[in-house]
Amino acid sequence: MLEKTGVPTPEEIASVFPSEERLQQGPVVIVECFREIPCNPCYTACNQDAIKEFIDINDLPNVDHDNCNGCGLCISNCPGLAIRVIDMTWSEEEALVRIPYEFLPLPEKGDMVTGLDREGKELAQARVEKVLNSKAMDKTPVIHLAVAKEYAKDLVFMRLGPEAKQAAGEPVEKT
């Protein structure tokens, strides 16, 4: 399916996810990289030995979720935007999902955004909790989103709402 649609199969997704037990222990990385290409910034960014050294530069990332502390250093280093961190323990009702985001305007803390799934379909409303933007280091911004736990595993991207566009001074399309 990935070859035809660009969307991984449920089996491919399951192959890169940590166990349910590990998800309940705190923040953990999810690396949805399914193409063998010459790339290893995730490995070089990881100082927890969670992303294992590549034998061949074209290898897929191999993650030891038990070594991951959810620091997220790998998120902004991935040129394919294939990495996020999920914290299912963030609150009783919500998970915190950290995603890369390379569009302008950036959202701001407190903004409501639309969480999107792997096909770009609307999934759920999410609240921006934090925006990390390391312009000095030339890294991809990382957006921290609070979302109902039932949507956390499928939230991979976001779309700003009209309210965020108005705050940024951009025109809002009328519906």
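Everything below is about the structure printed above this text.
### Topic: the sheet that holds strand S6 (residues 142-148)
For step 1, the next point in the chain: Read from one edge of the open sheet, seven strands run S1-S2-S3-S6-S5-S4-S7, paired in antiparallel fashion. What marks the edges here is a single partner per strand, and that holds for strand S1 (28-31) and strand S7 (157-160). Averaged over all pairs of adjacent strands, the angle between strand axes in this sheet comes to 35°, irrespective of strand direction.
For step 2, the next point in the chain: For strand S3 (residues 94-100) and S6, the ladder comprises seven bridges, and the chain directions are antiparallel. Residue pairing for S6: Glu94 is matched across the bridge by Ala148.

### Observations concerning the pairing of S3
For step 1, the next point in the chain: Taking burial as the measure, the seven residues of S3 include seven buried ones, the bulk of the element.
For step 2, the next point in the chain: Here S3 shows two buried faces, one formed by Glu94, Leu96, Arg98 and Pro100 and the other by Ala95, Val97 and Ile99.
For step 3, the next point in the chain: Judged from the three bridges that link them, strand S2 (residues 83-87) and S3 form a sheet pairing that is antiparallel. Residue pairing across strands places Asp87 opposite Leu96, the latter belonging to S3.
For step 4, the next point in the chain: In textbook terms, the turn of a hairpin is the stretch between consecutive antiparallel strands, and for S2 and S3 this stretch comprises six residues.

### Some remarks on the side chain of Arg22
For step 1, the next point in the chain: Inspection of the secondary structure puts Arg22 in helix H3 (residues 20-23).
For step 2, the next point in the chain: Of the side chains bearing the opposite charge, Asp66 lies closest to the buried Arg22, which forms no salt bridge; the N-O distance is 4.7 Å.
For step 3, the next point in the chain: Setting aside chain neighbours within four positions, we find Arg22 in contact with Pro27, Val28, His65, Asp66 and Cys68.

Conventions we followed
- Residues numbered from 1 in each chain as written.
- Predicted model: local features only at pLDDT ≥ 70, side-chain atom pairs only at ≥ 80, totals over all residues.
- Heavy atoms only, no water.
- Pairing = 2+ DSSP bridges.
- Helix = DSSP H or I, 4+ residues; strand = E, 2+ residues; numbered from the N terminus.
- Axes fitted to C-alpha atoms, helices over the stretch in contact; angles between N-to-C directions.
- Buried < 20%, exposed > 50% of the residue type's maximum accessible area, 1.4 Å probe, protein only.
- Lys, Arg positive; Asp, Glu negative; His and termini not counted.
- Salt bridge = Lys/Arg side-chain N within 4 Å of Asp/Glu carboxyl O.
- Contact = heavy atoms within 4.5 Å.

By themselves, these figures tell us nothing about what the structure is for.
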